[in-house]
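# Chains, contacts and geometry: an overview
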Amino acid sequence: MSLKFTDVSYTYHTVSGETDAVSGLTFSVDEGQFVAVIGPSGCGKSTILSLAAGLISPTRGRIERGGGQFGYMLQTDALFEWRTVEQNIFLPLEIKKKNTPEMRKNAVELAKKYGLEDFLKKSPAQLSGGMRQRVALIRTLAAQPQTLLLDEPFSALDYQTRLAVCDDVHDIIKSEKKTALLVTHDISEAIALSDKVVVLSARPARVVGEHIIDFGGGSPKKRRESSRFAAVFEVLRQELGI
Amino acid sequence: MPESFKLARQYAANNKIYFKYGQKNRRISFKFQIGGTICRNYLCMGGAPPLCEAVRNTLMKHKKYACSLQHEQYLKKIRRNKLIVHAVRAAILLGLVGLWELCAQVGVFDPFITSSPSRVASTIADLAAAGTLFYHIGITLMETVAGFFIAVVLGYAIAVALWLNEHIRAVFEPYIVVLNALPKIALGPLIIIWMGTGYTAIIFMTVLVSIIVCIMNVLAGFVAVDKTKQLLLRSMGANKFAMLVKLVMPASLPAFMNTLKVAVGLAWIGSIMGEYIVSRAGLGYLIVYGGQVFKLDLVMAATFILCLLAGGMYAIVAIIEKIVIKRRG
Ligand SMILES: Nc1ncnc2c1ncn2[C@@H]1O[C@H](COP(=O)(O)OP(=O)(O)OP(=O)(O)O)[C@@H](O)[C@H]1O
Ligand SMILES: [Mg+2]
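I will try to describe carefully the structure that is included in this document. (Residues numbered from 1 in each chain as written. Chains lettered and ligands numbered in written order. Predicted model: local features only at pLDDT ≥ 70, side-chain atom pairs only at ≥ 80, totals over all residues. Heavy atoms only, no water.)

### Points about the overall build of chain B
Across its full length, chain B holds 14 helices and three strands. Taking all 329 residues of chain B together, 39% fall into the buried category. Once local pairs closer than 6 in sequence are excluded, the contacts in chain B between residues at least 24 apart make up 64%. Total accessible area computed for chain B in this model is approximately 18,900 Å², and 68% of it derives from carbon and sulfur atoms. (Helix = DSSP H or I, 4+ residues; strand = E, 2+ residues; numbered from the N terminus. Buried < 20%, exposed > 50% of the residue type's maximum accessible area, 1.4 Å probe, protein only. Contact = heavy atoms within 4.5 Å. Areas by Shrake-Rupley, 256 points an atom, 1.4 Å probe, with all protein chains shown as cover.)

### Some remarks on the coordination of the magnesium ion (ligand 2)
Residue and element names in this part refer to chain A. The coordination sphere of the magnesium ion (ligand 2) contains the protein donors Ser 46 (OG) and Gln 75 (OE1), at a distance range of 2.0 to 2.7 Å. Taken together, the positions of Ser 46 in helix 1 (residues 45–53) and Gln 75 in the loop between strand 5 (70–73) and helix 2 (85–95) put the pair 29 residues apart, joining distant regions of the chain. Classification of Gln 75 by relative accessible area gives partly exposed; the value is 33%. (Donors = N, O, S within 2.8 Å, 3.2 Å for Na, K, Ca; no water.)

### Focus on the interface of chain B and chain A
Between chain B and chain A, the residue contacts involve 17 residues of the former and 16 residues of the latter. For the pair chain B and chain A, the two sides together bury roughly 1,600 Å², of which 72% comes from carbon and sulfur. Of all residues in chain B, Leu 232, Met 236 and Lys 246 of chain B bury the most surface against chain A, accounting for 37% of the area lost on that side. Lys 229 of chain B is the salt-bridge partner of Glu 81 of chain A, the closest N and O atoms lying 3.3 Å from each other. Where chain B packs against chain A, one counts two residue pairs in polar contact (both at pLDDT 80 or more). Elements with a minimum of two residues in the side of chain B that touches chain A: helix 10 (227–235) and helix 11 (240–251) of chain B. Taken together, the residues that form the side of chain B that touches chain A break down as nine nonpolar, four polar and four charged. (Buried area = accessible area lost by both parts, 1.4 Å probe. Salt bridge = Lys/Arg side-chain N within 4 Å of Asp/Glu carboxyl O. Polar contact = N/O pair within 3.5 Å; in protein donor to acceptor, adjacent residues only side chain to side chain. Nonpolar A, V, L, I, M, F, W, Y, C, P; charged D, E, K, R; others polar.)

### Observations concerning the site of ligand 1
All names here are of chain A. Taken together, 13 residues form the shell around ligand 1, and within it Gly 44, Lys 45, Ser 46, Thr 47 and Gln 75 come nearest. Here an oxygen atom of ligand 1 sits 3.0 Å away from a polar atom, N or O, in the side chain of Gln 75. The protein chains hide 64% of the 630 Å² of surface that ligand 1 would expose on its own. When contributions to the shell around ligand 1 are tallied by element, the ones reaching two or more residues are strand 1 (3–14) and helix 1. In terms of residue count, the dominant contributor to the shell around ligand 1 is helix 1 (three residues). The residue inventory of the shell around ligand 1, partitioned by class, reads three nonpolar, seven polar and three charged. (Near = heavy atom within 4 Å.)

### Digging into the nonpolar core
Ranked by internal contacts, the top residues of the largest apolar core, which has 87 residues, are Phe 5 and Leu 181 of chain A together with Phe 148 and Leu 233 of chain B. In this structure Phe 148 of chain B touches Thr 206, Leu 260, Ala 263, Val 264, Ala 267, Met 313 and Val 317 of chain B, once residues within four positions along its chain are discounted. (Core = buried A, V, L, I, M, F, W, Y, C linked by side-chain atoms within 4.5 Å.)

### What about the packing of aromatic side chains?
Following the criterion strictly, the structure yields eleven aromatic pairs over all chains and no others. Taken together, a centroid distance of 5.4 Å and an interplanar angle of 70° make the contact between Phe 148 of chain B and Phe 149 of chain B edge-to-face. Above the face of the Phe 70 of chain A ring, Arg 65 of chain A is positioned so that its terminal group lies 5.9 Å from the ring centre. For the cation-ring pair, Lys 240 of chain B lies above Trp 163 of chain B, with the distance from its terminal atom to the ring centre recorded as 4.8 Å. (Phe/Tyr/Trp six-rings, centres within 6.5 Å; stacked < 30°, edge-to-face > 60°. Lys NZ or Arg CZ within 6 Å of the ring centre and 35° of its normal.)

### Overview of the pattern of salt bridges
Residues and elements named next belong to chain A. Counted under the stated rule, the structure contains 16 salt bridges over all chains. Between Arg 83 and Glu 94 there is a salt bridge; the shortest N-O distance is 2.8 Å. Pair noted here: Arg 83 is in the loop between strand 5 and helix 2 and Glu 94 is in helix 2, with a separation of eleven residues, a long-range link. Put simply, Lys 221 and Glu 225 hold a salt bridge, and the shortest N to O gap is 3.3 Å. Placement of the pair is Lys 221 and Glu 225 together in helix 7 (residues 220–225), with a separation of four residues, close to one helical turn.

### Quick look at the pairing of strand 5 of chain A
All names here are of chain A. Side-chain alternation along strand 5 places Phe 70 and Tyr 72 on one buried face and Gly 71 and Met 73 on a second face that is also buried. Relative to strand 6 (residues 147–151), strand 5 runs parallel, the two being bridged by four bridges. Note that in strand 6 the partner of Phe 70 across the bridge is Thr 147. (Pairing = 2+ DSSP bridges.)

### Notes on the state of the cysteines
Scanning all chains against the criterion turns up zero disulfides over all chains. Not engaged in a disulfide, the cysteine Cys 307 of chain B finds its nearest cysteine sulfur in Cys 103 of chain B; these two sulfurs lie 20 Å apart. (Disulfide = S-S within 2.5 Å.)

### What about the sheet that holds strand 1 of chain A?
Residues and elements named next belong to chain A. With respect to topology, three strands assemble into an open sheet ordered 2-1-4, the strand pairing being antiparallel. The sheet is open, and its two borders are formed by strand 2 (17–29) and strand 4 (60–65), each paired with just one other strand. Going across the sheet, the axis of each strand differs from the next one's by a mean of 30°, ignoring polarity. Bridge analysis of strand 1 against strand 4 gives five bridges, and the strand direction is antiparallel. Across the sheet, the residue bridging to Lys 4 is Glu 64, located in strand 4. The strands touched by helix 1 within the sheet are strand 1, strand 2 and strand 4, with strand 1 carrying the most contacts at an inclination of about 115°. (Axes fitted to C-alpha atoms, helices over the stretch in contact; angles between N-to-C directions.)

What follows is the structure, encoded as structure tokens:
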């Protein structure tokens, strides 16, 4: 078990009032599994990832985290524009005091493998949106976390780039054998990428349904082309109530 | 000759085309001739398209060395405009100085009251000959620079402390606002009593005038740092120190460089104001003294030197800013 939420609730407190973001949430992510969480806008998806990352503690309930480090890829790429692409990728190594030559070499290898070789010395401002996203992913992977938390990693992209980067990311995560928890509000993205889809209600987030996705041989492209895609899509759409 | 450029030369040689290549100011120029048409650069319209293509492609690969004819003209225009601005600027200054001199000579102004450029020049020459000029400049410059550095370093440190602890920040905020609003010259008598009449008092005044703005601007830069980037660092397990060094300080660097520019101006206000209150030496002292004994030449001369020094110091900071921001990428 890599990550397990048991009856988790979370309430934000601000001066102007309190907001229940998550209520009675129970689900789990197995080792090596790719789980997608879908839910309507503002339902508490990012909150779930912050809880999973341990940035905030649940108001009620329990979160069990299996062994291994977590890597959190935020909703925006948050690249440091005063650092080169390479230095951005090294950031988690510096913070986690893992800044050894081997780790740096590993990170650079990863970047090269996924088409960033010519851009390592460039500034993020010189990259396209899709490339920035890829840099953000490599940065998340650089410290070699076992579990990835991905917060709508493709939301800033146009549709075509999105499909391409989406396939890339799936590739990278599967070939690096990572566990992943992906948050999105895009049904087709969830189906294409994941082994399991967790559907959330509107705020405060509860689990409405869980679906194991196992058709199409695990490649996003094949999934999208599969005849079963539409049927699953329809089921999820109805559960989301749209 | 760049590697791929040889392609174009090869083509020209194969086709018995006149081809000349040169490199000047990091820009490659070339010339070739086909059937009486001389083509320069790569924007050759007629002539041999294949060669044009080859050369164009070659040059495109070396963008750094080449640009199109239009771009060349565009750059020329910008350079010319810049030159015009500089020329007009210089002309205005020379014109005003000339007019001032003329009016003083002809008698439109009474030079005893308005002084004149030539009298200012001779006053400066006299001061220099007497050896006091550089003494006074040195004193004022030392006070200003010392006050500036103390204010910036101390102000930055205080801003860091305030950033580190939100509670302390909340407690001190109103004090800073009031101190900022207070005309610091009101503290003149206190400073003299506490610090005496030497240059420490003036440095203290300089620090006092500029430090509050340093604290406020630097802190504003710190607080404005992107919340998402902070979240990112926290998710990597960064502590406050790492947050400060890896994110907050570099992210607020442009704000800091701006603060330096503001602080330079304020440091001059502080030091001259200080010298007005407790004068013994310095350019501020010369101005006050000159006013008291009605030597307007001296007042004007000191003011002129002050203009040069303040402008020079600002220029140095502006250049440092440019270098720092450029290196930051
Ligand atoms: N720091 C905060 N303080 C107070 N309320 C917050 C805070 N962060 C989020 N909320 C509230 O909690 C709810 C859930 O927010 P969250 O960001 O988790 O939603 P989301 O599903 O990720 O939304 P989106 O689809 O727009 O990314 C929202 O109503 C939001 O207003
Ligand atoms: Mg969100």
